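# Summary of structural features
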Amino acid sequence: MSEEWISDRMHLIDASGIRKVFDLAANMKNPINLSIGQPHFDTPDVIKDALCQAVRDGKNAYSQTQGIAPLIEKIQSRVDTEYHHDDRQVFISSGTSGALMLVLNALINPGDEVIVFDPFFVMYSHLAKVVGGNLVFVETYPNFSIDIEKVRNAITDRTKLILFNSPSNPTGYVASEAETRALAELAAEKNIALVSDEIYRAFCYDQPFVSPAAFNENVIVIDGFSKSHSMTGHRLGFVHGPQSVIQQMIKLQQYTFVCAPHPMQWAGLAALDCDVSDRVEEYRQKRDLMRNRLADKFEISGAQGAFYMFLKTPWGTGTEFCTEAIRNNLLIIPGNVFSSCDTHFRISYAQENSILEQGADILNRLADHKM
Ligand code: PMP
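What counts, and at which threshold
Residues numbered from 1 in each chain as written. Predicted model: local features only at pLDDT ≥ 70, side-chain atom pairs only at ≥ 80, totals over all residues. Heavy atoms only, no water. Helix = DSSP H or I, 4+ residues; strand = E, 2+ residues; numbered from the N terminus. Polar contact = N/O pair within 3.5 Å; in protein donor to acceptor, adjacent residues only side chain to side chain. Contact = heavy atoms within 4.5 Å. 1 Å grid on protein atoms, 1.4 Å probe; cavity = no way out; pocket = protein on both sides within 12 Å on 5 of 7 lines; lining within 4 Å. Points joined across faces, edges and corners; volume = space filled by probe spheres on them. Nonpolar A, V, L, I, M, F, W, Y, C, P; charged D, E, K, R; others polar. Domains from an automatic or database assignment. Buried area = accessible area lost by both parts, 1.4 Å probe. Salt bridge = Lys/Arg side-chain N within 4 Å of Asp/Glu carboxyl O. Buried < 20%, exposed > 50% of the residue type's maximum accessible area, 1.4 Å probe, protein only. Pairing = 2+ DSSP bridges. Right-handed = clockwise from strand over helix to strand, strands pointing away. Axes fitted to C-alpha atoms, helices over the stretch in contact; angles between N-to-C directions.

Within the secondary structure, Ser35 sits in the loop between strand E1 (32-33) and helix H2 (45-56). Within the structure, the side chain of Ser35 is placed 2.6 Å from the side chain of Asn33, a separation counted as a polar contact. Beyond its immediate stretch of four places on either side in the chain, Ser35 contacts Phe22, Leu331, Ile333, Arg346 and Ser348.

Right, here's the structure in full:
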């Protein structure tokens, strides 16, 4: 039976969380959809033009594994200007997800502990488990800030890696400079790898973005074009970190992804010169709109960045509340998809304002009527 062929590692993960939500949503007709994890803008035209041009110019074969030289050079020069680290090397990955897969494979031995802040981006827990890591959750409820003493207490002899994400999916929390510095310094003190997922760094509304790499030269930064330039389907990301780690990641990329999609890398080069500040400003206004509309009836923490809010349910579990929302034609995601707790739900405000308004109306109505 083909079922018997499946490796043990595949039984460590399941697709049930999000799938359950989409099963529930399957019968919805024209839902008010606040579940979408990507910008609602299309890719800017200059990027599309660069992509079409690259395809027409025949840039359709493999590129070098580490990426095309002009893109690496441009990112490397920005990284060098920002951090001034002698040993910080850049390569181009197949999305941020591809980079996460590579870094975990490159660093985690079976039984190694991986610290993840809860709530977390769903992929972290699954990927960490698939490579044999043991997850150690550090809770950040109720306001999603990082308590450095909790992190210190979670560290053991087996701790190998900390996965950090600011601005955060699902909470929109942006770590302060003090928190980021404390985490970076703790990782250095304990000689633990700190992986910083900076895919939402362009989307900070109340304070400037700070990377832990500013305080620890061994931080491994993964970043990408998906969110900042609406390029989720292009599968383009990049990584920078200490050469010894980057070399291992490139080695594994050679035997897995081979290279990031070649024409998209030329599109990425155009994206680096594409100003997205008007989009960021638009999302800041959408954040303000939703915060104003929901503040009376919902506890709101985080939401200083990305395009998510992670709200405490006014009644019931996250699953119960979202089930009722779906019955009322509003698609939102229960907190237990992103957390070991089921007390919250996630909304994405990457949507047209008219849809946000309708979503806020339904949420406020639901809050008043315990089902
Ligand atoms: N990290 C986080 C925190 C994300 O939210 C996402 C996308 N939802 C990713 C990584 C993956 O992005 P990419 O398209 O670059 O693989």
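All right, on to empty space enclosed by the protein then. On inspection of all chains with the given rule, the structure shows 1 cavity of 30 Å³ or more. What the largest cavity holds in volume is close to 180 Å³. Lining the largest cavity are 18 residues; nearest its centre among them are Phe117, Pro119, Phe144, Asn165 and Ser168. Classifying every residue of the lining of the largest cavity gives 12 nonpolar, 6 polar and no charged.

Assigned domains within the protein: domain 1 (2-43 + 276-367) and domain 2 (45-271). Relative to domain 2, the C-alpha centre of domain 1 lies at a distance of 24 Å. Taken together, the 36 residues of domain 1 in the interface contact 38 residues of domain 2. Of the roughly 3100 Å² buried at the junction of domain 1 and domain 2 (both faces included), carbon and sulfur atoms supply 58%. The tally of links between domain 1 and domain 2 comes to 2 salt bridges. Lys48 is the salt-bridge partner of Asp42, the closest N and O atoms lying 2.7 Å from each other.

Comment: phi is negative for the bulk of residues other than glycine, and the bulk of peptide bonds are trans. Between Tyr141 and the following residue, Pro142, the backbone shows a cis peptide bond with an omega angle of 0°. Within the secondary structure, Pro142 is located in the loop between strand E4 (134-139) and helix H6 (148-154). Cis geometry marks the peptide bond from Asn169 to Pro170, where omega comes out at 25°. Assignment of secondary structure puts Pro170 in the loop between strand E5 (159-165) and helix H7 (177-190). Although it is not a glycine, Phe144 sits at a positive phi angle of roughly 70°. By secondary structure assignment, the location of Phe144 is in the loop between E4 and H6. Phi is positive for Ala303, close to 65°, though the residue is something other than glycine. Within the secondary structure layout, Ala303 lies in the loop between strand E9 (300-301) and strand E10 (308-312). We classify Ala303 as buried; its relative accessible area is 0%.

Before going further, it helps to spend a moment on the pairing of strand E6 (residues 193-197). A regular strand carries its side chains on alternate faces of the sheet. Counting buried positions along E6 gives 5 out of 5 residues, so the element sits mostly inside the fold. Of the two faces of E6, both are covered, the one formed by Ala193, Val195 and Asp197 as well as the one formed by Leu194 and Ser196. Pairing analysis gives 5 bridges linking E5 to E6, with the strands arranged parallel. Bridge pairing in E6 links Asn165 to Asp197. Handedness of the crossover is the feature at issue here: the chain leaves E5, passes through H7, returns alongside E6, and the resulting connection is right-handed. As defined by bridge partners, E6 adjoins strand E7 (residues 220-224) across 3 bridges and the pair is classed as parallel. Within E7, the residue paired with Asp197 across the bridge is Ile222.

With that out of the way, let us pick up the pairing of E7. Counting buried positions along E7 yields 5 of 5 residues, so the element is predominantly enclosed. Side-chain alternation along E7 places Ile220, Ile222 and Gly224 on one buried face and Val221 and Asp223 on a second face that is also buried.

Take the sheet that holds E10 next. As summarised here, the arrangement of the 4 strands in space is E9-E10-E13-E12, forming an open sheet in which the pairing is antiparallel. A single partner strand is all that each edge strand has here, and the edge strands are E9 and strand E12 (333-334). By the bridge criterion, 2 bridges tie E9 to E10 in an arrangement that is antiparallel. Note that in E10 the partner of Ser301 across the bridge is Phe310. Against the sheet, helix H10 (residues 277-294) makes contact with E9, E10 and strand E13 (344-348), and its axis sits at roughly 15° relative to E10, the strand it touches most.

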